[in-house]
Amino acid sequence: MVSRVIPVEVFDLVIFGGTGDLARRKILPGLYRRFLSGQMTGGSRIIGAARADLTDEAFRQSVAEAIDEFVPEERRDPKVIADFLAHLHYVTIDAKGEGGWDVLKAMMRPGVVRAFYFSVAPALFGDIALRLKSHGVADSEARIVVEKPFGRDLASARTLNATLAQHFDERQIYRIDHYLGKETVQNLMAVRFANILFEPIWKAQYIDHVQITVAETVGVEGRGAYYDKSGAMRDMVQNHMMQLLCLIAMEPPYHFDPNAVRDEKLKVIRALDAVRPEDIVRGQYLPGGGEGGYVEHSENPQSKTESYIALKVNVSNWRWKGTPFYLRTGKRLRARASEIAITFKEPPHSIFDDARGWRENVLVIRLQPDEGMNLMVMIKEPGPGGMRLMQVPLDMSFAGVLGAEAEDIPDAYERLIMDVIRGNQTLFMRGDEVEAAWAWTDPIINGWEARGDRPQGYDAGSSGPEDALMLMHRDGRRWREIR
Ligand code: NAD
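Since the structure is predicted, the reported quantities are computational estimates derived from the model, not experimental observations. (Residues numbered from 1 in each chain as written. Predicted model: local features only at pLDDT ≥ 70, side-chain atom pairs only at ≥ 80, totals over all residues. Heavy atoms only, no water.)

Participant: Let's hear about the pairing of strand 11 (residues 337-344): which residues, and what values?
Facilitator: Among the eight residues of strand 11, eight are classified as buried, and the element is accordingly described as predominantly covered. The alternating pattern of strand 11 places Ala-337, Glu-339, Ala-341 and Thr-343 and Ser-338, Ile-340, Ile-342 and Phe-344 on opposite faces, both of which are buried. (Buried < 20%, exposed > 50% of the residue type's maximum accessible area, 1.4 Å probe, protein only. Helix = DSSP H or I, 4+ residues; strand = E, 2+ residues; numbered from the N terminus.)

Next up, the structure:
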């Protein structure tokens, strides 16, 4: 059973960069689905704002096309789409110019939630924040939503935070990390903190290690020049994977409250040890399958940027001392799969003579492509063969419970936008968290830059560089297969 849709308050949502790729692929189709579900109600409006000189009509037409392209057919209802489009407006605004802002101000309605989504390059965040305030468009209750990348190192993240802080309070700033909007990621918190079963064994004494994998099959083609300035560490580890690690490792917050949760996540980031060079493997995919390799796609033959990284991370606190977290992420790998796997330790003593079938308990939380949770447990092999052990998955995912209704579960962007309207910051990164994550990331990146380390080549379609396997093997462990 899907929980009841509770409509959010009436809102005016302005999307800067409303004609861009992210708005077309995620934000606007997501808002349509929330409208279809009844969560976004009739009085609300969405205002696209970008440089292009468009009429409302032309903007609506482009959004209609985006819905056609990015919403599955069974959820496209022509009548609802027409109704949704009538709630869309457009204003031509150059973030760096003064034109258009007064038009936008005149559109704002008192007593309605006001939110501004910065779906533009971070270099424009400051310009938009400044003008929202100087033209009186944003009031003291307005919310702003900012996209990644939030800085490229500690210094730039601090500057960005300071710039936004000149115009907005922290309680008004929603830094999006769409991984936190995933149903399963929130389910992880429910499983941890709403059951007595897991929390007592959620510690180094009972957990052998944790693996976090974000594997992609796509390369960087099309956005190679942008990616080359970033790399897997900045693009994936500093934000998404760090957030996942925090949710697994954090202490129970005293309440499911935005600052209580974020305080606990921050403590985890601060407890991370510096990563030793021998605990890092960086890779770059090679040409293969008729496709160019990373250096061709990035158009930089000398590139030392990693399209793959694996790291062994230690959380130095009472709960986790001695339980490593292994993180890996890469492009052009064998399969697209994101998962967290928590591997428990062996029972202290086996009472069974035949322990051949024995495997560790593993809690697998899958984020992509199919969201769900499985707990791998041991049972007796059915039948007359005596006491033989076998491992079976205990399905803890909502998909099975919900059946076809699982289709109605909002995707990460939709959920997070609704949270912005509700004024709930729990699933958004706080400024100090982002800075702490960069403070941990910077020395790692500076280290390999100072040494001039080159990433190791790996075959496209493989599971990553050879050395990444060694990172686990040398500890007597192995990566889970990427499937
Ligand atoms: P894009 O280049 O496709 O779109 C940029 C938008 O900004 C366009 O609507 C453009 O008109 C507008 N714009 C550019 N200069 C402007 C100016 N001076 N004044 C007003 N508007 C201006 O970019 P995108 O892919 O949609 O990305 C937007 C932001 O979201 C970026 O910060 C990006 O890093 C981030 N992001 C994108 C994705 C994605 O999947 N595309 C994913 C995560 C984060």
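Participant: Could you give me a rundown of the site of the ligand, with the residues and numbers involved?
Facilitator: The full set close to the ligand counts 20 residues, and Thr-19, Asp-21, Arg-25, Ala-95 and Val-120 are the nearest of them. The side chain of Arg-51 places a nitrogen or oxygen atom 3.4 Å from a nitrogen atom of the ligand. Contact with the protein chains hides 74% of the accessible area of the ligand, taken as 830 Å² for the molecule alone. Here the residues of the shell around the ligand are counted per class, giving nine nonpolar, five polar and six charged. (Near = heavy atom within 4 Å. Polar contact = N/O pair within 3.5 Å; in protein donor to acceptor, adjacent residues only side chain to side chain. Areas by Shrake-Rupley, 256 points an atom, 1.4 Å probe, with all protein chains shown as cover. Nonpolar A, V, L, I, M, F, W, Y, C, P; charged D, E, K, R; others polar.)

Participant: So what's going on with helix 15 (residues 466-473)? Which residues, and what values?
Facilitator: Turning to helix 15, its buried residues number three or more, namely Ala-468, Leu-471 and Met-472. In a view along the axis of helix 15, the buried residues occupy a sector of 90°, so they form one face of it. Buried residues in helix 15 make contact with strand 7 (207-215), strand 8 (280-285), strand 9 (308-313) and strand 10 (325-330). (Arc of directions from axis to C-beta. Contact = heavy atoms within 4.5 Å.)

Participant: Outline the sheet that holds strand 6 (residues 173-175), supporting the account with residue identities and numerical values.
Facilitator: The strand order across the open sheet formed by six strands is 3-2-1-4-5-6, and the pairing between neighbours is parallel. Edge positions in the sheet fall to strand 3 (88-92) and strand 6, since each of these pairs with one other strand and no more. Averaged over all pairs of adjacent strands, the angle between their axes in this sheet comes to 20°, without regard to strand direction. As paired strands, strand 4 (residues 113-118) and strand 5 (residues 143-146) are joined by four bridges and run parallel to one another. Within strand 5, the position partnered with Phe-116 by the bridge is Ile-144. (Pairing = 2+ DSSP bridges. Axes fitted to C-alpha atoms, helices over the stretch in contact; angles between N-to-C directions.)

Participant: Please provide a residue-by-residue account of the side chain of Glu-414, values included.
Facilitator: Take Glu-414: it is sitting in helix 13 (residues 412-422). Once residues lying within four places of it in the same chain are set aside, the contact partners of Glu-414 are Gly-30, Arg-33 and Arg-34.

Participant: Account for the environment of Trp-438, with residues named and values stated.
Facilitator: Relative to the helices and strands, Trp-438 resides in helix 14 (residues 431-451). Assessed through its relative accessible area of 1%, Trp-438 is described here as buried. Ignoring anything within four residues of it in the chain, the contact list for Trp-438 reads Phe-150, Gly-151, Arg-152, Asp-153, Leu-154, Ala-157, Arg-234, Gln-238 and Pro-443. From its side chain, Trp-438 meets the backbone oxygen of Phe-150 in a polar contact 2.9 Å long.

Participant: Describe in detail the packing of helix 9 (residues 232-249) against helix 10 (residues 258-270), supporting the description with residues and values.
Facilitator: At a closest axis distance of 9 Å, the pairing of helix 9 and helix 10 adopts a crossing angle of 105°. Put simply, helix 9 runs roughly perpendicular to helix 10. Judged by residue contacts, Met-242, Gln-243, Leu-245, Cys-246, Leu-247 and Ala-249 of helix 9 engage Lys-265, Val-268 and Ile-269 from helix 10. Split into classes, the residues belonging to the contact of helix 9 with helix 10 amount to seven nonpolar, one polar and one charged. (Parallel < 35°, antiparallel > 145°, perpendicular 65-115°, else oblique.)

Participant: Lay out the pattern of salt bridges in plain terms, naming residues and giving numbers.
Facilitator: As a working rule, side chains carrying opposite charge can pair if their charged atoms are close by. Scanning all chains against the criterion turns up 40 salt bridges. Among the salt bridges present, the one from Asp-169 reaches Arg-171, with a minimum N-O distance of 3.1 Å. On the basis of relative accessibility, which here comes to 40%, the residue Asp-169 falls in the partly exposed class. A salt bridge links Arg-422 to Asp-419; the shortest N-O distance between them is 2.9 Å. Residue Arg-422 and its partner Asp-419 are located together in helix 13, separated by three residues, close to a single helical turn. Here Arg-422 falls in the partly exposed class, since its relative accessible area comes to 43%. With relative accessibility at 8%, the residue Asp-419 sits in the buried group. Counted as one network, the salt bridges with shared partners bring together Arg-276, Glu-278, Asp-279, Lys-312, Arg-474 and Asp-475. (Salt bridge = Lys/Arg side-chain N within 4 Å of Asp/Glu carboxyl O.)

Participant: Account for a nonpolar patch on the surface, with residues named and values stated.
Facilitator: Residues Ile-351, Phe-352 and Met-387 make up a contiguous nonpolar surface patch of roughly 300 Å² in combined accessible area. Positionally, Met-387 belongs in the loop between strand 13 (372-380) and strand 14 (389-395). On the basis of relative accessibility, which here comes to 44%, the residue Met-387 falls in the partly exposed class. (Patch = residues over 30% accessible without salt bridge, like charges linked within 9 Å, V, L, I, M, F, W, Y side chains within 5 Å.)

Participant: Kindly report on the sheet that holds strand 11, identifying the contributing residues and their values.
Facilitator: Here we have nine strands laid out as an open sheet, ordered 14-13-12-11-7-10-9-8-15, and mixed in their pairing. Of all strands in the sheet, those with a lone pairing partner are strand 14 and strand 15 (456-458), marking the two edges. Recorded for the sheet is a direction-independent mean angle of 20° between the axes of neighbouring strands. Sheet topology places strand 12 (residues 362-368) next to strand 13; five bridges connect them, and they run antiparallel. Across the sheet, the residue bridging to Leu-363 is Leu-375, located in strand 13. Across the sheet, helix 9 touches strand 7, strand 9, strand 10, strand 11 and strand 12, and the angle it forms with strand 10 is around 145°.

Participant: How would you sum up the pairing of strand 2 (residues 45-50)? Please name residues and give values.
Facilitator: Of all six residues in strand 2, six are buried; the element is thus mostly enclosed. Residues of strand 2 alternate between two faces, with Arg-45, Ile-47 and Ala-49 on one and Ile-46, Gly-48 and Ala-50 on the opposite face, all of them buried. Relative to strand 2, strand 1 (residues 11-16) is paired through five bridges, and the arrangement is parallel. From the neighbouring strand, Asp-12 faces strand 2, where its bridge partner is Arg-45. Crossover strand 1 to strand 2 through helix 1 (residues 21-37) is right-handed. As paired strands, strand 2 and strand 3 are joined by five bridges and run parallel to one another. In the strand pairing of strand 3, Ala-50 is matched with Thr-92. (Right-handed = clockwise from strand over helix to strand, strands pointing away.)

Participant: Describe in detail the packing of helix 9 against helix 14, supporting the description with residues and values.
Facilitator: Interaxial distance between helix 9 and helix 14 falls to 10 Å at its minimum, and their mutual angle equals 140°. One finds that helix 9 runs oblique with respect to helix 14. Crossing hand, helix 9 versus helix 14: right-handed. From helix 9, Met-233, Arg-234, Val-237, Gln-238, Met-242 and Gln-243 reach across to helix 14, where they touch Glu-433, Val-434, Ala-437, Trp-438, Trp-440, Thr-441, Ile-444, Ile-445, Trp-448 and Glu-449. The class makeup of the residues in the contact of helix 9 with helix 14 is 10 nonpolar, three polar and three charged. (Left-handed = near helix turned anticlockwise from the far one by under 90°.)

As far as function goes, none of this settles anything; it's purely spatial.
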